[in-house]
Amino acid sequence: MRKLCFCLFIILLMQSCSEMPSRDNPYDLVFDLGAVTDLTAFVLDENTIQLDWQYSGEAINFHIDRKENNNDWQIKYAVLPATQLNFADDSVTSGNNYTYIITAVADQNQSTAAETSINFTLMVTTPIIYPPGGTYFSEQEITITCGTSGAIIRYTTDGSTPTISSTIYSSPISVNFPMTINAKAFKTGWLESSVTSAIYTFPAATPVYDPQGGYYNTDQEVTISCATSNATIRYTTNGSDPTSSSTQYTTPLSISSTTTLKAKAFKSNYSPSSTATATYTITLPTVATPTFNPIAGTYNSPQPVSITCATSGATIRYTTNGYDPTSSSTQYTTPLSISSTTTLKAKAFKANYNSSSTAAATYTITLPTVATPTFNPVAGTYNSPQTVSITCATSSATIRYTTNGSDPTSSSTQYTTPLSISSTTTLKAKAFKSNYSPSSTATAVYTIMPSPLTIIYPNGGEVINRGQEYTITWDPGPNTNTVDVLLYKGTQLWTAIQNYTVNDGSITWTVSFALQTGDDYRIKICNSDMIIYPDDYDFSDGYFSIE
């Protein structure tokens, strides 16, 4: 074929150039046809050349000549007008420099020639990796081929670029885990090939469940495993597909109600696995509803209520606050004492069973009421301390009382002996008895008012001289507190004759010369503690004179 092409070009050359210029002077021009410019040459393979050039004239054809290592010109081809030519040059050898010259020719004339040099060092063809990189779900046998005869292929699997010392490819490579294969071909005297690369990815194995999804009448302990070593399994129970941030599986999962479980495996450098889905339908038996004894109703005494469940081994839990019981409510162990109106709710639980329905019972307790306590003496105003007893008509009732104004409770002070009331006091009492409603609260106010003081002298009409000594006398009454002796002029307090003197009925008074004379003086004697005894005082019945 190459010889046929060569003959064709020679015929064309002879037809278009019957009078060729001398080979001794290839630049001998008759007239200017325009210059050939931008000539470039490329090595396509072992002896195939590609020439590209630019030309703007009207040449009939072009001469292509070659000069080898500065030797004389050698006519090679003649071509029709064009700007590119691929042709075989069987006489070139790798490692030598060649210069190609192209000249535009018309009749017996030719243009200024253009020339270019090329180092005819060949490049090895880039290897081909098959099958190409991608995601695979099974082991792959990887082959590497090169179109250059005699080339040696070298490869790496760690992502680095192959060198002349890398592993030589000799047989298919088995790949069953993520890997990057880089390959390059080498041949003595040739340029090494470009690097070709193939990236192989493998997804982690799809997780498997034990037991598998299905219908069960007991709770299930589900394990999840993955055939890919060291893969991390993540799962969901809300119907969404797991992601790398979903809950990590570490221990078997307890499935006690109908659940859709989804799991996915993840591992560095691996693609995530497919999502494994399993639905566990749990159809558990139901615990029997608890029953009460006695049944709900109205009773006039406290009731011991027992709770039972027909399901053996069930745990009964109950509430008395109106809420439905849960698995953390109080556990029933012994009969409950219901002493006041109560709504009792109970529910039974057992492992691998659905919990029972809630049983409810309202017990209305109408207990007799303890009689209201009575006081002796009764409430009233007294001028001396009183000893008060408290009684209750209900036998064996416990009486409790207060003196601070609050209603008694079951923890207030218990009445045992009569109470001594020496000052004004509000006494409250309430009676309690087991299996009875507490009594109403009895209240009694005891006002203690001692007899008032009574002035004897001066009590009106007397004449008292300044500078003289007199004895003021009074009836102290039953009060043993101290008293204040005060002098009034008209309605105005004039002076204190004596504060906090003993209430013994008399005091000596030396009348000061500093006092004004007048006939409108009176004496007031009052209890020193006017807060407690605000009414314990007396004035002279009439005015007396001071002269």
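Keep in mind that what you see is a predicted model, and the values were worked out from it rather than measured. (Residues numbered from 1 in each chain as written. Predicted model: local features only at pLDDT ≥ 70, side-chain atom pairs only at ≥ 80, totals over all residues. Heavy atoms only, no water.)

Turning our eyes to something else, we now look at the sheet that holds strand β19 (residues 220-225). The strand order β17-β19-β22 describes an open sheet built from three strands, whose pairing is antiparallel. Pairing within the sheet leaves two strands with one partner each, and these edge strands are β17 (208-210) and β22 (253-255). Each strand axis lies, on average, 35° off the axis of its neighbour in the sheet, ignoring direction. Pairing geometry for β17 and β19, over three bridges, is antiparallel. Its bridge partner lying in β19, Asp210 is registered against Thr223. (Pairing = 2+ DSSP bridges. Helix = DSSP H or I, 4+ residues; strand = E, 2+ residues; numbered from the N terminus. Axes fitted to C-alpha atoms, helices over the stretch in contact; angles between N-to-C directions.)

Let's shift gears to the sheet that holds strand β27 (residues 303-308). The strand order across the open sheet formed by three strands is β25-β27-β30, and the pairing between neighbours is antiparallel. Two strands bound the open sheet, and with one partner strand each, they are β25 (291-293) and β30 (336-338). Taking each pair of neighbouring strands and ignoring which way they run, the sheet shows an average axis angle of 35°. Relative to β27, β25 runs antiparallel, the two sharing three bridges.

Throughout the structure, instances matching the rule amount to eight aromatic pairs. In this structure an aromatic cluster arises from ring pairing among Tyr488, Tyr537 and Phe539. The cationic tip of Lys524 hangs over the ring face of Tyr537; the distance from NZ or CZ to the ring centre is 4.8 Å. (Phe/Tyr/Trp six-rings, centres within 6.5 Å; stacked < 30°, edge-to-face > 60°. Lys NZ or Arg CZ within 6 Å of the ring centre and 35° of its normal.)

Next up on the list: the pairing of strand β31 (residues 342-349). When you tally the buried positions in β31, you get seven out of eight residues, the bulk of the element. Inspection of the sheet shows strand β28 (residues 315-319) paired to β31 by five bridges, in the antiparallel sense. Paired with Thr319 across the strands is Lys345, a residue of β31. (Buried < 20%, exposed > 50% of the residue type's maximum accessible area, 1.4 Å probe, protein only.)

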